[in-house]
Amino acid sequence: MSIIKYKWFWAWDFNKEEEWLNEMSEKGLQLTDVKAIRYKFEEGRKNEYTYRIEMLDEFPSNKKSRDYIRFLEETGVEMIGCYLRWIYLRKKKSEGEFDLFSDLDSRINHLTKILYLLAFIMPLELLGVINLWRSYSSVNDAFGLIVAILNSILAVTIIMGGSKIYNHRKKLKEERCLHE
Amino acid sequence: MGNNDSVALTEAVYYILLILYEPMHGYGIMQKIEELSSGRVKLAAGTLYGAINTMLDKDWIQALPEVSSSRKKEYIITERGKQVAASELIRLQELVLNGEEIIGGE
């Protein structure tokens, strides 16, 4: 039997998303499809799979991404879905541990990718917020006010998320001075 | 100098070079590293992929021509790669020697 769940995760909370998918796996609910906030699980054996998610350099349909996904598949990894540049992966626990990164450099790289994405979105979002407040001050309508407030909250959320990733990355970089 | 090749290799890169003295595909490399290090080093697929691509760019390893599209892609060390592995071995020996002298190895 399949179960559909709706859940929202911010890009900087990908660790939490992974954790959640693995908790579901512990309960015997195995993710089989994902579309943005819609997660489809199938009832299966408890703890059958380990789940990991990764943000790629390019969209999954890109040649570079396809080569990488094929490489992963050759190591017993299965791709169950993708959303924008994110891919959802799983591997049978019986086939051993499943991690995508085993050294600090590749973990730092992954965080840098997410940080760049946020750095790209941020100015657009800020510009949007400034424009919304500007048009509100000239029109003064309630709807405009709500949209402007919501967008301001969104901008603050993105800044906070970005700094979360930034600090995490900084910590890894400090560690990198001592070991791999 | 402009030559970064004389800087210490990562553990993963060193082991990949050693393993590729014989042709091997990605998953084989992961298994072999674990075996060689008695389970201590577990190389993750994403990290391995990054390392392989960098090493291909540097011409330390090369991909073998694919026999068929269904078969896994295999890699092998190049002459350049062998030089890199050999100089890393000398560096590691120096580290061990100095360590033994000061810490006192049995």
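Sequence order sets the numbering: in each chain, residues are counted from 1 along the sequence as written. Key to labels: chains lettered from A, ligands numbered from 1, both in the order written. Reporting in this predicted model follows two pLDDT cut-offs: at least 70 for local features of residues, and 80 or more for side-chain atom pairs to be given and counted; totals over whole chains, interfaces and linings ignore these cut-offs and use all residues. Working from all heavy atoms in the structure, the side-chain values ignore hydrogens and water.

For chain B, an unreviewed UniProt entry supplies the name Transcriptional regulator PadR-like family protein and the organism Anaerosporobacter mobilis DSM 15930.

By the naming in an unreviewed UniProt entry, chain A goes by DUF2812 domain-containing protein and is assigned to Anaerosporobacter mobilis DSM 15930.

(A) Region of the structure containing the side chain of Thr47 of chain B. Here Thr47 of chain B is to be found in helix H3 (residues 45-57). Exposure classes here rest on a 1.4 Å probe applied to the protein chains alone. A residue is buried below 20% of its type maximum, exposed above 50%, and partly exposed in between. In this structure Thr47 of chain B comes out as buried when scored by relative accessible area, which is 6%. It only takes one pair of heavy atoms within 4.5 Å for two residues to be counted as in contact. Excluding residues that lie within four positions of it along the chain, Thr47 of chain B makes contacts with Leu100, Phe101, Ser102, Asp103 and Ser106 of chain A. Only runs of H or I of at least four residues qualify as helices and only runs of E of at least two qualify as strands under DSSP, and these elements are numbered from the N terminus.

(B) Seen up close, the packing of aromatic side chains. Residue and element names in this part refer to chain A. Here a pair means two rings of Phe, Tyr or Trp (six-membered ring of Trp) with centres within 6.5 Å. Their orientation is stacked below 30 degrees between planes, edge-to-face above 60, and tilted elsewhere. Going through the model one piece at a time under the given rule, you end up with twelve aromatic pairs over all chains. Ring plane angle 90° and centroid distance 6.4 Å describe the contact between Phe9 and Tyr39, whose orientation is recorded as edge-to-face. Taken as a pair, Phe9 in the loop between strand S1 (2-6) and helix H1 (14-26) and Tyr39 in strand S3 (residues 38-43) lie far apart in primary sequence, 30 residues in all. Here Tyr39 falls in the buried class, since its relative accessible area comes to 1%.

(C) Examining the sheet that holds strand S2 (residues 61-63) of chain B more closely. All names here are of chain B. What the three strands build is an open sheet, ordered S1-S3-S2; its pairing is antiparallel. Each having just a single partner strand, strand S1 (24-25) and S2 make up the two edges of the open sheet. For two strands to be treated as a pair, DSSP must find no fewer than two bridges joining them. Where S1 lies against strand S3 (residues 74-77), two bridges are found, and the strand directions are antiparallel. From the neighbouring strand, His25 faces S3, where its bridge partner is Glu74.

(D) Spatial organisation of helix H4 (residues 142-176) of chain A. Residue and element names in this part refer to chain A. Multiplying one less than the number of residues by 1.5 Å gives the expected span of a helix. Taking 1.5 Å per residue, 35 residues should reach 51 Å; H4 reaches 51 Å between its end C-alpha atoms and fits that length. Burial in H4 covers these residues: Gly144, Ala148, Ser152, Ala155, Ile158, Gly161, Gly162, Ile165, Arg169 and Leu172. The secondary structure elements touched by the buried residues of H4 are H1 and helix H3 (104-139).

(E) Focus on the domain arrangement of chain A. Residue and element names in this part refer to chain A. Considered domain by domain, chain A is made up of domain 1 (2-95) and domain 2 (104-179). Domain 1 puts 14 residues into the contact, and the matching count from domain 2 is 14 residues. Of the roughly 1100 Å² buried between domain 1 and domain 2 on both sides combined, carbon and sulfur atoms contribute 73%. Buried area, as used here, totals the accessible surface that two parts lose on assembly, with accessibility defined by a 1.4 Å probe and the loss added over both. Taken as a group, Trp12, Phe14 and Met55 account for 57% of the area that domain 1 buries against domain 2, more than any other trio of residues on that side. Any carboxyl oxygen of Asp or Glu within 4 Å of a side-chain nitrogen of Lys or Arg constitutes a salt bridge here. Measuring nitrogen to oxygen at the nearest pair gives 2.7 Å for the salt bridge that ties Asp13 to Lys164. Every element with two or more residues in the side of domain 1 that touches domain 2 is listed here: H1 and strand S4 (49-55). A class-by-class count of the residues in the side of domain 1 that touches domain 2 yields eight nonpolar, one polar and five charged. Here the bounds of each domain stem from an automatic or database domain assignment. Each residue is assigned to one class: nonpolar for Ala, Val, Leu, Ile, Met, Phe, Trp, Tyr, Cys and Pro, charged for Asp, Glu, Lys and Arg, and polar for all the others, Gly among them.

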